[in-house]
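Take a look at the letters that make up each chain.
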Amino acid sequence: MDYFFTEQQQMIIDTAREITNEKIIPARAELDEKNQFPRAILEDIAKADLFSIFVPEEYGGLGGGGFEIVLAMEELARGCVGVATSFAASALGIFPVMIAGSNEQKQKYLPDIASGARWAAFGLTEANAGSDAAGIRTTAVEDGDCWVLNGTKQWITNGGESQIYSIVAMTDPNKGPRGASIFVVEDGDPGFSYGKKEDKMGIRSSSTRELIMKDCRIPRDRLVGRRGTGFITVMKTLDLSRPGIASLGIGLAQAALDEAVTYAKQRVQFGKPIISFQAVQHMLADMAIQLEAGRALVYAAAKHIDSHPKDMSKVSSMCKVFATDMAMKVTTDAVQILGGYGYMKEYPVEKMMRDAKILQIYEGTNQIQRNVVGQELNKEYS
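Residues numbered from 1 in each chain as written. Predicted model: local features only at pLDDT ≥ 70, side-chain atom pairs only at ≥ 80, totals over all residues. Heavy atoms only, no water.

Draft legend 1. Representation of the pairing of strand β7 (residues 208-219). When strand β3 (residues 146-157) meets β7, the two strands line up antiparallel, connected through nine bridges. Each residue of the ladder has a partner; that of I156, found in β7, is R209. When strand β6 (residues 192-197) meets β7, the two strands line up antiparallel, connected through four bridges. Residue pairing across strands places F192 opposite M213, the latter belonging to β7. (Pairing = 2+ DSSP bridges. Helix = DSSP H or I, 4+ residues; strand = E, 2+ residues; numbered from the N terminus.)

Draft legend 2. Just the nonpolar core, in detail. I45, F87, I94, L248 and I337 are the most contacted members of the largest nonpolar core, which totals 94 residues. No other element matches the 14 residues that helix α6 (residues 230-266) contributes to this core. Here I94 is in contact with F54, Y109, L110, I113, A120 and I164, once residues within four sequence places are set aside. In this structure, I156, I167, F183 and C216 belong to the second largest nonpolar core, which totals 16 residues. (Core = buried A, V, L, I, M, F, W, Y, C linked by side-chain atoms within 4.5 Å. Buried < 20%, exposed > 50% of the residue type's maximum accessible area, 1.4 Å probe, protein only. Contact = heavy atoms within 4.5 Å.)

Draft legend 3. View of the environment of N103. Assignment of secondary structure puts N103 in helix α5 (residues 103-115). Put simply, N103 and Y59 are 44 residues apart on the chain and 9.9 Å apart in space, counted from C-alpha to C-alpha. Among the polar contacts listed, one links the side chain of N103 to the side chain of Y59, at a separation of 2.6 Å. (Polar contact = N/O pair within 3.5 Å; in protein donor to acceptor, adjacent residues only side chain to side chain.)

Draft legend 4. Structural view of empty space enclosed by the protein. Under the criterion given, the structure shown has three cavities of 30 Å³ or more. One number sums up the size of the largest cavity: a volume of about 50 Å³. Forming the walls of the largest cavity are R28, A77, R78, G79, C80, L252, A255, P348, K351, M352 and D355. Elements supplying a minimum of two residues to the lining of the largest cavity: α3 (66-79), α6 and α9 (349-359). Here the lining of the largest cavity is built from residues that sort into six nonpolar, one polar and four charged. Taken domain by domain, the lining of the largest cavity gets at least three of its residues from each of domain 1 (7-119) and domain 3 (231-380). (1 Å grid on protein atoms, 1.4 Å probe; cavity = no way out; pocket = protein on both sides within 12 Å on 5 of 7 lines; lining within 4 Å. Points joined across faces, edges and corners; volume = space filled by probe spheres on them. Nonpolar A, V, L, I, M, F, W, Y, C, P; charged D, E, K, R; others polar. Domains from an automatic or database assignment.)

Draft legend 5. Broad picture of helix α10 (residues 366-380). Counted at 1.5 Å a residue, the expected span for α10 with its 15 residues is 21 Å, and the 21 Å between its end C-alpha atoms agrees. Taken together, the buried positions of α10 are occupied by N366, Q369, V372 and V373. Along α10, the residues classed as buried sweep out an arc of 105 degrees about the axis, all on the same side. Residues of α10 that are exposed and point more than 90 degrees away from the buried face comprise Q367, N378 and K379. (Expected span 1.5 Å × (residues − 1). Arc of directions from axis to C-beta.)

That's the geometry; what it means functionally is another story.
Set out below in structure tokens:
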């Protein structure tokens, strides 16, 4: 379908596609098997200026919006969701600074993010605070001209690989969500360390680690926005980022469909290619229909959020749910079409199916997203 991309948008797609075809696809199986962070590929992505897409022009970026991010992430995910997640996590990690940071903070951090000289990560999740972000136990206490942070963040994408971390901590624990604030913690800050690298089912090329803060001292000017406004910034950050997660589902489903159709045209049973059988045709047709419906919703949601930044929670959650549920189904069906071959690591659909599962979980489970949509509908019809 023709979405009438601008010249810049088409350039982003073409650049991401080139990197995917030349760098990501040839390396994805090895990265998955070795649980290896794709540092060299991210450096190639940086050289291609893709990290600058989401950074405003005044800080060295291209000044693109959510739609441009979605286009890049879809293409990268067609190659490997783990690599695309490592790229996306840097945007997620710096969004709080872009949303609520001071001009000084933006001047300090955004140019390096845009150039790919440094990467970012988002420190929200804890052992007892996932979907319930209000359950955060990490604390930040004022001490002279510093803040002192104590706590542990769990399952942090790009943990141990990034140099800049947006950390959510309680500055007023008795106030619940209104007691949360956001701080920038940098790699090398005293009292800041990393836990073990997690051994995951899928997206194994992305790095997932604990962030450990034990009397971690940071300067006072690392507070992002006003004290006590962290939870609001977190919600805005996630609303902005969810179409990106949805786009990972689109790229992944496209890759799975491509593999399934190619195989179905080549695999001969009962004297003819299996794509000639109606049962297989119907599976492929449903995969293609769901994929195009998901792509249309994600693109529309991203454009809506770019033009209506104060009215984005419902559409953000809707596109995340639909696209990622769709990706799980399409990758599962791709494995089914390839049959025994699809279950073998020699063929990429096995990895695609493993990678798809996390999309329904991270950045807010799809059950939580349905809650958000339902709550928004309740408001609209009250």
